[in-house]
Structure formats: structure tokens, C-alpha cells
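Okay, here's what each chain looks like letter by letter:
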Amino acid sequence: MAEIYIAFVDTPGFFAGIIRRVIKQKYIHVALSLDPYLEETYSIGRRHPSVPLIAGFEKEDKHKILRAFPDADYMICSIRCTTEQKRYIEQELNRAMEQRFRYHYAVLGLPFILMNIPFYQKNHYTCSSYLARLLEEAGVCHWNKHFSLVTPKDFYEYNGKQKIFEGSLSEFTQGERRRAERKRIPAFSFMRPAYAGAAYIINFLKRGVNL
């Protein structure tokens, strides 16, 4: 078995506030990651964190997001899948990344979500509708509605997820830094026994041998 990861994001902003009021949920953006540290994370969202009007398919950079939104909160959940399903998802994400400027945010689809009417314009998605379609095509998640009507709230209420982190993005990146520091091996640590042995021999020769 394998796992994929859903990042739920709470960021400030005018449009974020509108979406938050509509879906009545704190987290108004979802992204898909291939690893729990969000190194390989993709979504339909802002091409630059501080510019809300330009959106499409992008690889997210948590450090850029942190600089733009130092108070952003995250919740990260894992979803189990097969190795073949994860491989399919990775291939589709890589393909979309190569053609990322063909993908756009589904602004026209927002009123249809409110009216609960399916609406799809080619290569136009919300963050949640893109993930809903991809994961359903991969056979990982199944929805009782058209993918264009899936919102972050549907992912939030999805029973197949397992929460592995919830807190501020700054807390997440600091914890990641601490884990990296614990794993880092001090320079020359493997050579210390050899250095100690050599020093002992040198001191022994300097003192000479008293018979």
C-alpha cells in the first residue's frame, strides 16, 4: 500500500473570505501532495501566493506561502491507496505540470456550485474539483456528485482520510527543520575514533617507553 496527502489551507484574503462564508468552513483551499512534508504538492490555485487574480495549475512552495501568509493554518491528512494508483496520480500531476498554463481557475463555475448544478468548462477547475476528478479517475475516492460540485468541505468530511498534522504553517516548517537537524550527522563523527586512537599513539611515542 501507499499514501497520498491532502493539505487543507486557511489563508486570508477577500476571495478566501467569500468562499469561507459559502462553504462555512475554516479551510477553503486543498492541495495534493505525494509526500507528508509537502515537497511535491500541486493544486489549482494562485500562481503566486500574494496575487489572487492569477490562478491555474501550479506546484506549491510552502516557504513562499509562509512568507506571503505568516499566519496561515494547515491541516494535513493522509489517504491510503495502492502503489499503482499513486503512480497514476504522479504521472497525471507531472503531465499537468508540463501543460500548467492550459489550466485555469473555474470562476464561471462558482455560481453553479451555489445552485448545485454541474458545470464544466474544459481545463477550468476549482482546487477541489481538480483533485476530485483526479482521485476518482485513479479509483482512490468516490463522490456522490459531479466532480465540479466537490468543495474543500467534501474533502474535510471524507471518512477515508487520517489527520497527521494540524496547526500553523510556521509550526509545520519549524518541526520539519528540527527533524532535519536531528537526522544530520556531525562532520567527522565517523572519524572521531580514529582521531582518538592516533592521538593516543602519538602521545605514547612522545613520552617514550619506560622499561
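Residues numbered from 1 in each chain as written. Predicted model: local features only at pLDDT ≥ 70, side-chain atom pairs only at ≥ 80, totals over all residues. Heavy atoms only, no water.

Chemist: Teacher, can you tell me more about the pattern of salt bridges here?
Modeler: For side chains bearing opposite charge, pairing can occur when the charged atoms are close. The final tally for this structure, using the stated rule, is nine salt bridges. Linking D73 and K26 is a salt bridge whose minimum nitrogen-to-oxygen distance equals 2.9 Å. Within this pair, whereas D73 is found in strand β5 (residues 73–81), its partner K26 is found in the loop between α1 (14–23) and β2 (29–33), the two being separated by 47 residues in sequence. Taking the relative accessible area as the measure of exposure, K26 reaches 39% and is therefore partly exposed. (Salt bridge = Lys/Arg side-chain N within 4 Å of Asp/Glu carboxyl O. Helix = DSSP H or I, 4+ residues; strand = E, 2+ residues; numbered from the N terminus. Buried < 20%, exposed > 50% of the residue type's maximum accessible area, 1.4 Å probe, protein only.)

Chemist: Where do I start with helix α5 (residues 127–137) in this structure?
Modeler: Think of an α-helix as turning once every 3.6 residues; residues three or four places apart then point the same way. Buried residues dominate α5, accounting for eight of its eleven residues. For α5, the complete set of buried residues consists of C127, S128, S129, Y130, L131, A132, L134 and L135. Note on α5: the residue one or two positions beyond its end, G139, has a positive phi of about 80°.

Chemist: Teacher, can you tell me more about the layout of surface pockets here?
Modeler: To locate leftover empty space, one rolls a probe as large as a water molecule over the atoms. By volume, the largest pocket amounts to about 1,200 Å³. Considering the residues around the largest pocket, the lining is formed by 49 residues, among which I19, I28, H29, Y105 and C127 are closest to the centre. Elements with a contribution of two residues or more to the lining of the largest pocket: α1, β3 (41–48), β4 (51–59), α2 (62–68), β6 (104–105), α4 (110–114), α5 and α6 (152–156). (1 Å grid on protein atoms, 1.4 Å probe; cavity = no way out; pocket = protein on both sides within 12 Å on 5 of 7 lines; lining within 4 Å. Points joined across faces, edges and corners; volume = space filled by probe spheres on them.)

Chemist: I keep staring at a nonpolar patch on the surface and nothing clicks. Help me out?
Modeler: On the surface, a cluster of nonpolar side chains totalling about 440 Å² of accessible area is made up of I18, V22, L114, M115 and I117. Note that V22 resides in helix α1. Owing to a relative accessible area of 40%, V22 belongs among the partly exposed residues under this scheme. (Patch = residues over 30% accessible without salt bridge, like charges linked within 9 Å, V, L, I, M, F, W, Y side chains within 5 Å. Areas by Shrake-Rupley, 256 points an atom, 1.4 Å probe, with all protein chains shown as cover.)

Chemist: Sorry if this is basic, but what is going on with the environment of Y74 here?
Modeler: The residue Y74 is located in strand β5 in this model. For Y74, a relative accessible area of 2% translates into the label buried. Apart from residues no more than four positions distant in its own chain, Y74 is found in contact with A7, F8, V9, Y27, L38, E60, I65, F165, E166, G167 and L169. (Contact = heavy atoms within 4.5 Å.)

Chemist: Would you mind showing me how to read the pairing of β5 here?
Modeler: A regular strand places its side chains on the two faces of the sheet in alternate fashion. Of all nine residues making up β5, seven are buried, and the element is well covered by its neighbours. Pairing between strand β1 (residues 2–10) and β5: nine bridges, direction antiparallel. Residue pairing in the sheet places A7 in a bridge with I76 of β5. Of the pairings in the sheet, the one linking β5 to strand β8 (residues 161–168) comprises seven bridges and is antiparallel in character. By the bridge assignment for β8, I76 is matched with F165. (Pairing = 2+ DSSP bridges.)

Chemist: Is there a simple way to explain the side chain of S148 in this structure?
Modeler: Tracing the backbone shows S148 in the loop between α5 and α6. Side-chain polar atoms of S148 contact the backbone nitrogen of F119, separated by 3.2 Å. Once residues lying within four places of it in the same chain are set aside, the contact partners of S148 are I113, P118, F119 and S129. (Polar contact = N/O pair within 3.5 Å; in protein donor to acceptor, adjacent residues only side chain to side chain.)

Chemist: I keep staring at the nonpolar core and nothing clicks. Help me out?
Modeler: Generally speaking, soluble globular proteins have nonpolar side chains that are buried together. One finds I89, Y130 and F155 to be the most contacted residues of the largest nonpolar core, which totals 34 residues. Those elements that place two or more of their residues in this core are β1, β2, β3, β5, α3 (83–98) and α5. Counting residues per element, this core draws most heavily on α5, at six residues. Those residues in contact with Y130 that sit more than four places away from it in its chain are I44, F57, E92, L93, A96, Y103 and Y125. Formed by 14 residues, the second largest nonpolar core is a distinct cluster that contains V9, A31, I65 and F69. (Core = buried A, V, L, I, M, F, W, Y, C linked by side-chain atoms within 4.5 Å.)

From the geometry alone we can't say anything about function, so treat these as descriptive.
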